[in-house]
Amino acid sequence: MLAFLILEFLWPFAIVLVLCYVYIKCSAVNHFIRSGCKQNVLIVTAHPDDECMFFAPTILSLLQEGHQIYLVCLSKGNFYNQGELRKKELLVSCGKLGIPQSNVTIIEDERFQDGPENVWSIDGIVERVSGVIKRIGAKSVITFDGQGVSSHPNHVALFKAARRMVHEKVIEGVSVFVLESTNIVRKYVSIIDIPISSIICMTTFVSLPVDVYKAWLAMTAHKSQLVWFRKLYIFFSRYMYVNTLYKLD
Ligand SMILES: *[C@@H]1O[C@H](CO)[C@@H](O)[C@H](O)[C@H]1NC(C)=O
Ligand SMILES: [Zn+2]
């Protein structure tokens, strides 16, 4: 009886999911699809593992659309003195997502030490990130929003730096996008958030099951981080399945 009820519920939901997927992919609502041209896109993260815990649907979709993807990680994640190991894990994880090592920059700068108590220098981030933007000729930059998904102060520092770059016109002609932080309910309803996201947000990236699997594989590269709550996270977090982005003006 229970199995029957679950099936009854599942197939309409499966149809809704397929419709959302087709809608997101085909209707030209997505900024990156609408703009048409292939561009260099820079993803800015704070710690090794942010790329697959939060940005995987964005990275995988942009790669499939033929954009050149670069990643800059502002710290090597040295909170538990595992920085050297985590640097290697980050490169493996990026490889599994499809970003070659040569397109990954890991910044080691004492102004940005991993840890919620460490206040990161916003000027320092602006300086280092704008340097990378110029070097690779990025046309779009993607980073965290003001709540940084998990409210981690290091994530929020990246948002503040991005906002400063836009307001003070440090980088001309570069579009800056931020990853929307949803409320805690939407955060942990996994695929159920796909229909909600596709209705609410213009720039939505959604992962097909094969991409979700890729993101899980990338997560297994972060062996030092695979504690039980992160294992739960990769099943229940919407960020493994869908990303919504907003443009900073
Ligand atoms: C990596 O960067 C090179 C140029 O440095 C670029 O041609 C290539 O497309 C990039 N790779 C990906 C997967 O974006
Ligand atoms: Zn992080």
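Presented here is a report on the structure given in the accompanying data block. (Residues numbered from 1 in each chain as written. Chains lettered and ligands numbered in written order. Predicted model: local features only at pLDDT ≥ 70, side-chain atom pairs only at ≥ 80, totals over all residues. Heavy atoms only, no water.)

**Brief notes about the overall build of the protein**
1) Next: Assigned secondary structure in the protein consists of 12 helices and seven strands.
2) Next: Rg of the C-alpha trace for the protein: 18 Å, near the compact-globule value of 18 Å for 249 residues, within the 12% margin.
3) Next: Here the protein holds 249 residues, and 54% of them are scored as buried.
4) Next: Considering only residue pairs separated by 6 or more positions, the protein has 81% of its internal contacts joining residues 24 or more positions apart.
5) Next: A total of about 11700 Å² of accessible surface is found on the protein, and carbon and sulfur atoms cover 64% of it.
6) Next: Of the side-chain charges in the protein, 25 are positive and 21 negative, and the distance between the mean point of each set is 3 Å. (Helix = DSSP H or I, 4+ residues; strand = E, 2+ residues; numbered from the N terminus. Rg over C-alpha atoms; globule rule 2.2 N^0.38 Å. Buried < 20%, exposed > 50% of the residue type's maximum accessible area, 1.4 Å probe, protein only. Contact = heavy atoms within 4.5 Å. Areas by Shrake-Rupley, 256 points an atom, 1.4 Å probe, with all protein chains shown as cover. Lys, Arg positive; Asp, Glu negative; His and termini not counted. Charge placed at Lys NZ, Arg CZ, Asp CG, Glu CD.)

**Re the site of ligand 1**
1) Next: Neighbouring ligand 1 are L63, Q68, I69, Y70, G98, P100 and N103.
2) Next: The separation between an oxygen atom of ligand 1 and a polar main-chain atom of I69 is 2.7 Å.
3) Next: Looking at the shell around ligand 1 residue by residue, the classes come out as four nonpolar, three polar and no charged. (Near = heavy atom within 4 Å. Polar contact = N/O pair within 3.5 Å; in protein donor to acceptor, adjacent residues only side chain to side chain. Nonpolar A, V, L, I, M, F, W, Y, C, P; charged D, E, K, R; others polar.)

**Quick look at helix α5 (residues 83–97)**
1) Next: With 15 residues, α5 extends 21 Å from end C-alpha to end C-alpha; this agrees with the ideal 21 Å at 1.5 Å per step.
2) Next: Every buried residue of α5 is accounted for by G83, R86, K87, E89, L90, S93, C94 and L97. All buried residues of α5 lie within an arc of 165 degrees about the axis, which places them on one face of the element.
3) Next: Looking at the buried side of α5, the elements it contacts are α3 (50–53), α4 (56–64), β2 (68–73), β3 (104–106) and α11 (209–220).
4) Next: Looking at the residues trailing α5, positive phi occurs at G98, about 105 degrees. (Expected span 1.5 Å × (residues − 1). Arc of directions from axis to C-beta.)

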